[in-house]
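Here is what each chain is made of, one letter per residue.
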Amino acid sequence: MQTVTINGQTLKATKTEIRFAQDCLDFIKHDGGKEYAQKHIDIIMRSAPNDAALQRRKAIARACGLSDEIKFL
């Protein structure tokens, strides 16, 4: 586990989850990217191997300014 700060929020996450967060932040910077980032984070949340990972990924979604609910099926 590593500590990362996303938009002023300090979170603990794995290296892979930090990479996912960085991808989402990069997507948001482009036109129409927020919807793409939301789809990306939804896939990441659905693939969480356990409840602890799901909670970390939801925290990352909120820190990125995205919804922590899985919307795209």
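Please refer to the structure placed before this passage.
Only a predicted model underlies this, so the values are computations on that prediction, with no experimental measurement involved. (Residues numbered from 1 in each chain as written. Predicted model: local features only at pLDDT ≥ 70, side-chain atom pairs only at ≥ 80, totals over all residues. Heavy atoms only, no water.)

**Q** I tried to follow the pairing of strand β2 (residues 9–13) on my own but got confused; where do I start?
**A** When a strand is regular, its side chains alternate between the sheet's two faces. Bridge count for strand β1 (residues 2–6) against β2 is five bridges, and the pairing is antiparallel. In the strand pairing of β2, Thr5 is matched with Thr10. (Pairing = 2+ DSSP bridges. Helix = DSSP H or I, 4+ residues; strand = E, 2+ residues; numbered from the N terminus.)

**Q** Looking at this structure, I do not really get the pattern of salt bridges. What am I missing?
**A** Once their charged atoms are close, side chains differing in charge can pair, the charge on each being opposite to the other. A complete count under the given rule lists five salt bridges for this structure. Between Glu17 and Arg56 there is a salt bridge; the shortest N-O distance is 2.9 Å. Of the two residues, Glu17 sits in helix α1 (residues 15–28) while Arg56 sits in helix α3 (residues 51–63), which places them 39 residues apart along the sequence. When its relative accessible area of 1% is taken as the criterion, Glu17 is described as buried. Using a relative accessible area of 22% as the deciding quantity, one classes Arg56 as partly exposed. (Salt bridge = Lys/Arg side-chain N within 4 Å of Asp/Glu carboxyl O. Buried < 20%, exposed > 50% of the residue type's maximum accessible area, 1.4 Å probe, protein only.)

**Q** In this structure, what is going on with α1? I would like to understand it.
**A** For an α-helix, the turn length of 3.6 residues means that residues three or four places apart are oriented alike. Taking 1.5 Å of rise per residue, 14 residues should cover 20 Å, and α1 covers 20 Å from first to last C-alpha, within 8% of that figure. Within the sequence span of α1, burial applies to Glu17, Ala21 and Cys24. Along α1, the residues classed as buried sweep out an arc of 60° about the axis, all on the same side. In this structure, α1 carries Lys15 and Arg19 as exposed residues pointing more than 90 degrees from its buried face. Taken together, the buried residues of α1 touch β1, β2, α2 (33–46) and α3. (Expected span 1.5 Å × (residues − 1). Arc of directions from axis to C-beta. Contact = heavy atoms within 4.5 Å.)

**Q** Help me out: how do you make sense of the packing of aromatic side chains in this one?
**A** Given two aromatic rings, one states the distance between the centres and the angle between the planes to describe the pair. Under the definition given, this model contains one aromatic pair. Judged by centre distance (4.7 Å) and plane angle (85°), the ring pair of Phe27 and Tyr36 falls under edge-to-face. Classification of Phe27 by relative accessible area gives partly exposed; the value is 23%. (Phe/Tyr/Trp six-rings, centres within 6.5 Å; stacked < 30°, edge-to-face > 60°.)

**Q** Help me understand the side chain of Ser67, please; the structure alone is not making it clear to me.
**A** Relative to the helices and strands, Ser67 resides in the segment after α3. A distance of 3.1 Å separates a polar atom in the side chain of Ser67 from the backbone nitrogen of Glu69. When neighbours within four sequence positions are excluded, Ser67 is seen to be in contact with Gln38, Ile41, Met45 and Ala61. (Polar contact = N/O pair within 3.5 Å; in protein donor to acceptor, adjacent residues only side chain to side chain.)

**Q** Sorry, what's going on with α3 here?
**A** Taking 1.5 Å of rise per residue, the 13 residues of α3 would be expected to cover 18 Å, and the 18 Å separating its terminal C-alpha atoms lies within 8% of that figure. Of all the residues in α3, the buried ones are Ala53, Leu54, Arg57, Ala59, Ile60, Ala61 and Ala63. Turning to α3, the residues buried within the fold contact β1, β2, α1 and α2. Measuring from the side-chain oxygen of the N-cap residue of α3 to the backbone nitrogen of Ala52 gives 3.2 Å; that N-cap residue is Asn50.

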